[in-house]
Amino acid sequence: MPHGRDGLNKRAGEEISSADPFEEDVLALIPALRRYSRSLARSDTDGEDLLQDCVEKVLTRRAQWRGVNLRAWVFTIMTNLYRNGRRRRAQHPEVELDETLGLRAEENNADPLERQRLLRALERLSADNRAVLMLVVIEGYRYQDVADMMEIPVGTVMSRLSRARRQLAEAMKDDNVIALRRPK
Amino acid sequence: MSADFETVSDDDLHAYVDGHLAQPERERIESWLEKQPAKAEEVRQWQAQATALKQHFASYARSGEEDRSLISARRKSRSTGWASAVPTLRRLAAGLLIFAAGALAGAYGPDLVAPPPESADASEALPRQAQSAFLIYASEVRHPVEVGASEREHLATWLGKRLDYGLKIPDLSSLGFSLVGGRLVPVNDTAGAMLMYEDVTGERLTVLLGRNPENRETSFRISSRGEVETFYWIDGEIGYAVTGEVPRALLQKVADECYRQFEASESS
């Protein structure tokens with residue numbers, strides 16, 4: 001057994017009573033992580049699964065964290081988990097789960113059908129394009145930050161962002177359930 | 001504007017949409033967009049997307065009762081046996097902490113992943129009632145309706161009177177569905193109307209109309225129960241629900257057609 005792993009266990013055991021600062025920092029990131037995981041996932045359940053996998057991985061890998069920018073490190077781990085998951089799913093496609101999203105809580109007063117349309121359109125994006133879009137638009141990362149997190153050139157970030165936006169616009173145009181809305 | 005102002009790249013447009021630019025740069029792009037209607041439209045779409053995405057996912061950024069246990073569960077599995085080694089008091093304290101976190105989360109927001117609470121909201125009751133009516137009556141072979149299509153005029157007058165609404169029975173023949181007839185059904189505890197249609201293969205659809213006590217408007221919504229799907233909407237005093245076990249695209253066309261015809265009869 002490598003030395004580091006042993007040391008980790010002991011440390012965790014010792015610090016159990018007082019709040020572990022690392023764990024507290026991860027805990028503080030959970031709301032943002034939950035939002036990011038849901039913005040990537042197909043459903044609320046998938047989003048929570050992704051969140052749990054991410055927290056688990058962050059805690060097991062905590063020895064690998066270099067001590068700077070925990071948030072970016074954790075978001076990178078989630079991004080990679082998501083991309084791997086999508087790849088796995090592509091190999092073993094499941095039956096599409098229809099959630100009748102129109103009936104979900106109307107917590108933000110958005111038109112439920114509009115949201116359904118948006119979520120369906122998001123499903124058409126590739127994993128990479130979707131992750132870039134969400135990191136920029138929802139999580140507010142700069143293009144260079146995204147490039148660093150995903151270890152790609154900033155030009156690739158831009159082309160993915162561009163593709164995501166155009167595909168989304170296209171998909172929203174195709175999927176025009178709302179065409180029958182009253183013109184008032 | 002001089003010619004060198006004319007160079008705005010796609011990257012600039014993204015940076016503009018994402019709010020990464022300082023004021024002079026924004027102004028340069030805005031004046032460029034004024035002369036580029038196609039690009040301006042695209043930028044407008046991107047901005048609308050960003051707003052919709054932020055609005056939709058914002059509500060997920062909150063803590064849940066289970067957050068702390070996500071971490072402590074992991075810790076337990078990592079260092080097996082710690083629980084027995086740690087004094088009982090400490091474990092109690094940890095438990096209290098989890099409880100406190102839960103109480104806090106409970107105070108600041110309902111559990112995110114739990115399904116929305118059952119509400120007595122009439123707009124949610126409508127699709128359920130429509131699905132029940134469909135399941136009960138569409139499978140009826142001999143008496144699916146009280147008044148058949150041969151008495152179309154009478155059916156409209158009768159149901160319209162009970163509903164206190166100028167009911168015009170939609171004609172769905174353009175979509176391959178002809179009227180079977182209709183019946184009086186309870187909807188939201190008062191008299192409602194159910195119309196039934198079928199195509200040449202005998203595939204049936206129902207259109208349910210009920211009084212809506214809240215008198216408000218919604219856009220189209222969809223609800224499923226097993227294979228049965230319902231498109232429904234509320235327009236002022238009347239709620240409408242189109243239900244069937246047909247492909248969603250077809251059901252949507254039917255809902256569209258019904259909406260169009262009801263709207264036309266209302267304004268006439």
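Residues numbered from 1 in each chain as written. Chains lettered and ligands numbered in written order. Predicted model: local features only at pLDDT ≥ 70, side-chain atom pairs only at ≥ 80, totals over all residues.

**Q** I keep staring at the overall build of chain A and nothing clicks. Help me out?
**A** Summing up its helical and strand segments, chain A has eight helices and zero strands in all. Out of the 184 residues in chain A, the part that is buried amounts to 33%. Put simply, of all contacts in chain A between residues at least 6 apart along the chain, 67% involve residues at least 24 apart. (Helix = DSSP H or I, 4+ residues; strand = E, 2+ residues; numbered from the N terminus. Buried ≥ 20, exposed ≤ 12 C-beta atoms within 10 Å, placed from the backbone. Contact = placed C-beta atoms within 7 Å.)

**Q** Mind showing me how you'd approach the overall build of chain B here?
**A** Looking only at helices and strands, chain B has nine helices and six strands in total. In chain B, which comprises 268 residues, the share counted as buried stands at 29%. Across chain B, the fraction of contacts at a sequence separation of at least 24, relative to all contacts at a separation of at least 6, is 57%.

**Q** Whenever I open this one, helix α5 (residues 112-123) of chain A confuses me. Can you help?
**A** For an α-helix, 3.6 residues make a turn, and residues three or four places apart therefore share a direction. Given a rise of 1.5 Å per residue, 12 residues ought to cover 16 Å, and the 17 Å separating the end C-alpha atoms of α5(A) matches this to within 8%. Within α5(A), burial applies to A:Pro112, A:Leu113, A:Gln116, A:Arg117, A:Leu118, A:Ala121 and A:Leu122. (Expected span 1.5 Å × (residues − 1).)

**Q** I keep staring at unusual backbone geometry and nothing clicks. Help me out?
**A** Only a minority of non-glycine residues have a phi that is not negative, and only a minority of peptide bonds are not trans. Backbone geometry places A:Asn69, a non-glycine residue, at a positive phi of 50°. Of note, A:Asn69 is situated in the loop between α3 (44-60) and α4 (70-91). Since 14 C-beta atoms lie within 10 Å of it, A:Asn69 is described here as partly exposed. Despite not being glycine, B:Asn188 has its phi angle at roughly 50°, a positive value.

**Q** Is there a simple way to explain the pairing of strand β6 (residues 228-244) of chain B in this structure?
**A** Looking down a regular strand, the side chains alternate between one sheet face and the other. Residue and element names in this part refer to chain B. Counting buried residues in β6 gives 14 out of 17 residues, a clear majority hidden from the surface. Where strand β5 (residues 221-225) meets β6, five bridges bridge the pair, whose relative direction is antiparallel. Opposite serine 224, over in β6, you have glutamate 229 as the bridge partner. From the end of β5 to the start of β6, which pair antiparallel, there are two residues, and glycine 226 there has a positive phi angle of about 60°. (Pairing = 2+ DSSP bridges.)

**Q** Help me understand helix α2 (residues 21-40) of chain A, please; the structure alone is not making it clear to me.
**A** Residue and element names in this part refer to chain A. For α2, spanning 20 residues, the distance from its first C-alpha to its last is 28 Å, which sits close to the expected 28 Å at 1.5 Å a residue. At isoleucine 30, α2 shows its maximal bend, which comes to roughly 45°, and the proline proline 31 appears one to four places after that position. Regarding α2, the residues found buried are Glu23, Val26, Ile30, Leu33, Arg34, Arg35, Tyr36, Ser37, Arg38, Ser39 and Leu40. (Bend = angle between axes of the 7 residues up to and from the residue.)

**Q** Looking at this model, I keep getting lost on the pairing of strand β3 (residues 190-198) of chain B. Mind explaining?
**A** Residues and elements named next belong to chain B. Pairing between strand β2 (residues 178-187) and β3: nine bridges, direction antiparallel. Paired with serine 178 across the bridge in β3 is glutamate 198. Counting the residues in the hairpin turn of β2 and β3 gives two residues, including asparagine 188, whose phi is positive at 50°.

**Q** For this particular structure, what's the right way to read the packing of α2(A) against α3(A)?
**A** Angle between the axes and distance between the axes are the two parameters that describe a pair of packed helices. All names here are of chain A. At a minimum axis separation of 8 Å, α2 and α3 run at an interaxial angle of 140°. With respect to their mutual orientation, α2 and α3 come out oblique. As for how α2 packs across α3, the hand of that crossing is right-handed. Contact with α2, carried on its side by Val26, Leu33, Arg34, Ser37, Arg38 and Leu40, involves Asp44, Gly47, Leu50, Leu51, Cys54, Val55 and Val58 of α3 and no other residues of that element. Residue classes in the contact of α2 with α3 are distributed as eight nonpolar, two polar and three charged. (Axes fitted to C-alpha atoms, helices over the stretch in contact; angles between N-to-C directions. Parallel < 35°, antiparallel > 145°, perpendicular 65-115°, else oblique. Left-handed = near helix turned anticlockwise from the far one by under 90°. Nonpolar A, V, L, I, M, F, W, Y, C, P; charged D, E, K, R; others polar.)

**Q** Would you mind showing me how to read the confidence of the model for chain A here?
**A** Reading predicted coordinates in detail is not appropriate for stretches of low pLDDT. Residue and element names in this part refer to chain A. Summary statistics for chain A give a mean pLDDT of 77 and a share of 71% for residues scoring 70 or more. Note that residues 1-17 has pLDDT below 50 and, in this model, 15 contacts with residues that lie over four places away or in other chains. Across residues 93-108, confidence stays below pLDDT 50; counting only partners more than four residues off in sequence or on other chains, it has 27 contacts. (pLDDT = per-residue confidence, 0-100.)

**Q** What should I look at first to understand the environment of A:Ala169 in this one?
**A** Tracing the backbone through its elements, the reader meets A:Ala169 in helix α8 (residues 154-174). On a C-alpha basis, the gap between A:Ala169 and A:Leu118 in space is 9.6 Å, while along the polypeptide they are 51 residues apart. If we ignore the near neighbours within four places in the chain, the residues touching A:Ala169 are B:Gln45 and B:Gln49.

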